[in-house]
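Geometric and topological summary
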Amino acid sequence: MNKPASFTCPFCLKRHDFSTTLICPETDYKIPKEFLEHESLWLVTVGFSGHGKTVYLTALTLALQEIGAVLEDVTMDYLDAETKDEVRRMRYDVMEGDMPPPTPREELNRPLLMLKLAKLPGIGTRNVVIFDVAGELFTRFDEIHKYIAALKHVKTIWFFISLTDLYNPKSLDTMADLFGTYRKGMDRLDASLKGRNMIVVYTKADTRNFGPEIDVYLQNDPLAELTNRNAERLPTTDDFDWKTYAEDIKNISQKLRVYTETQLRGGRQFISSAKNEGMRVEFCVTSALGTNPDRDTNKMLEDSTRFRVVDPFIWTVLLESEIGSVRGAETTKGHVTLILDSSTESGKIYEEKLPVQLGTMLTSFDFEVRSFYLGQSKIVTHWGQTPPDSPARHSTRPRLAGAIFDQLSAGTDKVVIMTSRLPDDLNDYRTTLWKERTLLVSMNELDTDWEQFTYRNSSDLQPLVNLIKRMSTTNSHSTQS
């Protein structure tokens with residue numbers, strides 16, 4: 001069986017073969033075994049010193065610890081001891097009212113945080129890998145590329161801008177400077193900006209007048225008390241609806257775009273520069289402290305009520321769930337998830353090496369393919385890897401697809417189930433979008449109204465690929481409508 005081997009290392013962001021060892025050959029750090037079981041959201045922070053990046057990341061981490069209170073079944077775990085220790089330090093600082101220390105200026109070969117978020121809406125379980133780049137580096141064209149050399153594969157960039165600090169009369173920095181430094185560093189890495197997502201995060205928003213609509217949105221945060229240990233009542237699932245919140249984020253992003261273009265000196269040029277490079281630009285507004293620390297002690301005088309700190313993260317999840325977004329919209333035509341039956345009667349599927357042949361052909365047409373075994377929630381091969389050429393060793397697993405469906409995105413994934421008979425729980429998903437996005441492939445005709453393709457020999461391979469291509473195009477149109 002082809003075992004998944006090549007993964008992107010979270011420490012050097014290069015692909016290595018981890019089939020025999022979990023040690024990164026470039027850094028000698030050990031990869032958490034659990035890291036190899038899920039896809040990752042790679043994030044990097046961009047921003048000048050003093051603009052609130054580190055304070056925000058502390059607030060976000062504390063919020064994600066509590067996110068299960070408002071999103072049922074969503075949980076957060078630490079993937080390595082370093083992250084756990086860092087989060088404990090964050091908790092201690094909050095308890096003592098201390099401001100977090102600035103990001104040290106050093107080469108990035110270890111992410112600030114490595115988390116696992118389970119059952120996120122629309123995308124399932126993901127590793128969340130966050131790199132925090134020291135703000136002082138963004139004032140130097142000639143140095144930034146040395147520190148983000150490993151980050152050129154990151155698709156979602158968080159640009160942190162405190163307008164209060166940026167437009168301080170003593171400030172020498174501009175929005176154009178920040179983007180120009182980032183672009184110059186990526187140029188030196190020979191890395192294109194095309195297809196990347198930029199989320200502009202306006203920090204310290206409680207110190208800036210954005211206008212009535214934006215200010216009201218900031219203050220009317222249903223999750224504001226999520227991390228407040230002194231809150232009289234914590235938010236619950238009754239206070240939070242994912243779809244409504246997502247629409248609000250999109251609407252406020254558009255209002256912040258207009259604000260940036262019309263009210264900020266250099267704002268229109270900043271947006272145009274990013275768009276001209278092929279980047280998608282979205283906006284958020286946050287207040288990670290809710291109020292200013294004491295001027296003399298630099299300590300918080302009371303437990304913080306934080307506003308809209310989860311917005312950048314939710315925007316990232318929404319971008320990940322959209323077709324072609326984070327995985328390279330300029331080249332990928334679609335994403336196909338193979339679910340492979342391992343029961344004894346499914347042997348002919350592997351005799352014909354159908355998973356391998358189909359994966360190879362779909363890849364040649366710019367599709368990305370990954371695979372699972374029916375009845376097993378753990379991924380077998382990730383995007384870009386060759387599907388297995390033999391069944392799972394244990395063929396007596398329950399013939400269930402639900403645990404796999406539940407971690408996929410109905411907005412991006414097309415599912416091909418290769419099976420000799422229907423999964424036992426398939427009809428539980430009859431009234432969901434999976435009814436339109438799933439194709440059954442079998443060596444014999446199945447008694448079902450789910451869309452199916454009967455594969456008899458290699459001459460059927462091209463018609464099967466054509467059907468998946470048509471299914472992908474049709475579903476893309478229906479998603480956009």
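A quick note: this is a predicted structure, and the numbers were derived from the prediction, not measured. (Residues numbered from 1 in each chain as written. Predicted model: local features only at pLDDT ≥ 70, side-chain atom pairs only at ≥ 80, totals over all residues. Heavy atoms only, no water.)

Comments concerning helix α11 (residues 354-364)
All buried positions along α11 are accounted for by Leu354, Pro355, Val356, Leu358, Gly359, Met361 and Leu362. Count one or two residues on from α11 and you reach Asp366, which has phi positive near 70 degrees. (Buried < 20%, exposed > 50% of the residue type's maximum accessible area, 1.4 Å probe, protein only. Helix = DSSP H or I, 4+ residues; strand = E, 2+ residues; numbered from the N terminus.)

Concerning the pairing of strand β9 (residues 280-285)
With five of its six residues buried, β9 lies for the most part within the structure. As defined by bridge partners, strand β8 (residues 197-202) adjoins β9 across six bridges and the pair is classed as parallel. The residue bridging Val201 from the neighbouring strand is Cys284, located in β9. (Pairing = 2+ DSSP bridges.)

With respect to the pattern of salt bridges
Side chains that differ in charge, positive against negative, can pair when their charged atoms come close. Under the criterion given, the structure shown has 13 salt bridges. Glu282 is paired through a salt bridge with Arg280; the nearest N and O atoms lie 3.0 Å apart. We classify Arg280 as partly exposed; its relative accessible area is 30%. Across the salt bridge formed by Asp341 and Arg399, the nearest N and O atoms sit 2.6 Å from each other. Placement of the pair is Asp341 in the loop between β10 (334-340) and α10 (347-351) and Arg399 in the loop between β11 (367-373) and α12 (402-405), with a sequence separation of 58 residues. Like Asp341, the residue Arg399 is buried in the burial classification. One connected set of salt bridges, linked through shared partners, spans Glu39, Arg126, Glu320 and Arg370. (Salt bridge = Lys/Arg side-chain N within 4 Å of Asp/Glu carboxyl O.)

Structural notes on the environment of Ser19
By the element assignment, Ser19 lies in the loop between β2 (15-17) and β3 (40-46). Sequence separation between Ser19 and Phe7 is twelve residues, and the spatial gap between their C-alpha atoms is 9.5 Å.

What to know about the packing of aromatic side chains
All chains considered together, the criterion is met by 14 aromatic pairs. Ring geometry for Phe210 versus Tyr259: centroids 5.1 Å apart, planes at 45 degrees, classification tilted. Pair noted here: Phe210 is in the loop between β8 and α6 (212-219) and Tyr259 is in helix α7 (residues 242-263), with a separation of 49 residues, a long-range link. Phe210 gets classed as buried once you look at its relative accessible area, which sits at 7%. (Phe/Tyr/Trp six-rings, centres within 6.5 Å; stacked < 30°, edge-to-face > 60°.)

A word on the sheet that holds β8
One open sheet holds the seven strands; their spatial order is β4-β5-β6-β3-β7-β8-β9, and the pairing between them is mixed. Two strands lie at the open edges of the sheet, namely β4 (75-78) and β9, each paired on one side alone. Strand-to-strand twist across the sheet, computed as the mean angle between neighbouring axes with direction ignored, equals 25 degrees. Two elements, strand β7 (residues 156-161) and β8, share six bridges in a ladder whose sense is parallel. Across the sheet, residue Ile161 finds its bridge partner in β8, namely Tyr202. Along the sheet, α7 contacts β8 and β9; its crossing angle with β9, the most-contacted strand, is approximately 100 degrees. Helix-sheet contacts for helix α9 (residues 311-321) involve β3, β5 (113-120), β6 (124-132), β7, β8 and β9, and the interaxial angle to β9 is about 150 degrees. (Axes fitted to C-alpha atoms, helices over the stretch in contact; angles between N-to-C directions. Contact = heavy atoms within 4.5 Å.)

Some remarks on unusual backbone geometry
The phi torsion at Lys119 lies on the positive side, around 60 degrees, for a residue other than glycine. The phi angle at Arg308 is positive, at roughly 60 degrees, despite the residue not being glycine. Looking at the element boundaries, Arg308 is found in the loop between β9 and α9. Given the relative accessible area of 4%, Arg308 is considered buried.

Interpretation note: all reported values are geometric properties and have no functional meaning in isolation.
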